[in-house]
Amino acid sequence: MTELILHHYAGSPFSQKMRLILGYKGLAWQSVTVPVICPKPDVLALTGGYRRTPFLQIAGDIYCDTALMCELIEARQATPSLFPPQSAGAERLLAQWADKSLFLAAVSYTLQPAGAAAIFAGAPPEFMAAFAADRAAMTAGNVRPSSLDAAAELQSYGAWLEAMLSDGRPFLLGTAATLADFAVAQSVWFVRLAPPVAGILAPLQRLKAWFERMAAFGHGQRSKSDSLAAIEVARKLGPQEPVSVQAGLGFEPGDKVLVSASDYARDPVCGELVGLSQGRISVRRVDERAGLVHVHFPRIGYALRKT
Ligand SMILES: N[C@@H](CCC(=O)N[C@@H](CS)C(=O)NCC(=O)O)C(=O)O
C-alpha cells in the first residue's frame, strides 16, 4: 500500500484528531511538519492554495479537511470502525458539532492571555504578533467569541458531554470509540495543553477518564519525513485514486473551477474538475514542483464555483 503522509504540526487540534485516529487504527504513517503560520510554500505546492492543517497525502492525491481524511482512512482500514453500525450515523452529526462549535469555543477560550502564554511558552514576542496577525487575516469577517462567551459555551458543552458519559459507558456513543470521540478529544486536548485555564474541565471527572482512554490509543507508527521528500513522492507517483464527475450535479468534467472553504481560511484552489459526487470534490492541477496532483475536498463545507 502507498504510504500515508500526514502534513501537520504538534500544537494543532485537528492534527491531534488525526494522530489519534491513526493510533486507533494502528496505522503506519509518515510525518511532515508544516509551518504554523503563512507563508507555507511547500504546503501550497501540494494543495494549490489550501493552507489549513492538517492535510493527508497519498502519492499525488492530496486530501484536505479531516472530515474527508476520516472517510478515506476508514475505506483503507475498516477496523476498528469510526462509523460502527450501532451508532447509526449519530457519530457524524456529533463530530460536525465538535469540529465547529466545540472547537471554536475551546480555541477562543484557551487562547485568552493566560492560556496563550502557556501554549506559546518560550516563543519570541515577534512570533506571537505574527501568529495573531495570521489568524486575524485567516478569519477576517468572522465574529470570534470573547473569552467570557467562550467560557460560558465550554462549560455548557462540557456538561453535555459529561451527561453523555453519566451511565458509565466508556465512549460517547457506547462501548466503542467512534468518529465523534476523536472530534471531541481534539478540543479537550487543546484546553488541557494550557494548565492556567484548563481548570474549567476539573469538575468533569467522567470526561477526564474518557479523555485518558482516548489518549491511550496513541498515534500509530509514525516515521519522520519532510516537505521536500513529500513533494518528490507526489511528482514521482502522481494521483492514483480513480475519480469521476457524476452527472446531474451541475458541473461537467474538465470545468475550470475554484474550491474554497466556506467558513475560514477561504483561500481558493483553482484547477480542472476531475471528480464530483455527493460527498467529494476533486480538482486536477499541475504544480511546478509537485507535478500533476489531484486535490480532494469534502463537499460539505466547501464552495465550488466555475471560473
Ligand atoms: N475543517 C478543517 C479545519 C482545520 C483547521 O481549522 N485547522 C487549523 C489548525 S488545528 C488551521 O488550519 N489553522 C491554520 C493553519 O494551520 O494554517 C478540518 O477538519 O481539517
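Model, not experiment: these values are computed from the prediction.

Asker: What is the right way to look at the environment of R235 in this model?
Answerer: The residue R235 is located in helix α11 (residues 227-237) in this model. Placed 56 residues apart in sequence, R235 and G291 show a C-alpha to C-alpha distance of 4.9 Å. The contact partners of R235, leaving out residues within four places of it in the chain, are A290 and G291.

Asker: Quick question: what am I supposed to make of the packing of helix α8 (residues 179-192) against helix α10 (residues 205-215) here?
Answerer: Angle between the axes and distance between the axes: these two values describe a pair of packed helices. Axis separation between α8 and α10 bottoms out at 10 Å; the angle between their running directions is 110 degrees. In terms of axis orientation, α8 runs roughly perpendicular to α10. Contacts from D181, A185 and V188 in α8 reach L207, F211 and M214 in α10. Class assignment for the residues of the contact of α8 with α10 results in five nonpolar, no polar and one charged.

Asker: Is there a simple way to think about the environment of S262 in this case?
Answerer: Structurally, the position occupied by S262 is in the loop between β6 (256-261) and β7 (269-276). Put simply, S262 and Y302 are 40 residues apart on the chain and 5.2 Å apart in space, counted from C-alpha to C-alpha. With sequence-adjacent residues up to four places away left out, S262 is seen in contact with G301, Y302 and A303.

Asker: Is there a simple way to explain the sheet that holds strand β4 (residues 61-64) in this structure?
Answerer: Picture the strands of a sheet paired through backbone hydrogen bonds; they go either parallel or antiparallel. Taken in spatial order, the ten strands make up an open sheet running β5-β2-β1-β3-β4-β9-β8-β7-β6-β10, and their pairing is mixed. Two strands close off the open sheet at either side, each with one partner strand: β5 (221-224) and β10 (302-306). Taking the axes of each pair of neighbouring strands and ignoring which way they run, one obtains an average angle of 35 degrees across the sheet. Relative to strand β9 (residues 291-298), β4 is paired through three bridges, and the arrangement is parallel.

Quick notes on the rules
- Residues numbered from 1 in each chain as written.
- Predicted model: local features only at pLDDT ≥ 70, side-chain atom pairs only at ≥ 80, totals over all residues.
- Helix = DSSP H or I, 4+ residues; strand = E, 2+ residues; numbered from the N terminus.
- Contact = placed C-beta atoms within 7 Å.
- Axes fitted to C-alpha atoms, helices over the stretch in contact; angles between N-to-C directions.
- Parallel < 35°, antiparallel > 145°, perpendicular 65-115°, else oblique.
- Nonpolar A, V, L, I, M, F, W, Y, C, P; charged D, E, K, R; others polar.
- Pairing = 2+ DSSP bridges.

By themselves, these are just geometric observations and shouldn't be taken as functional.
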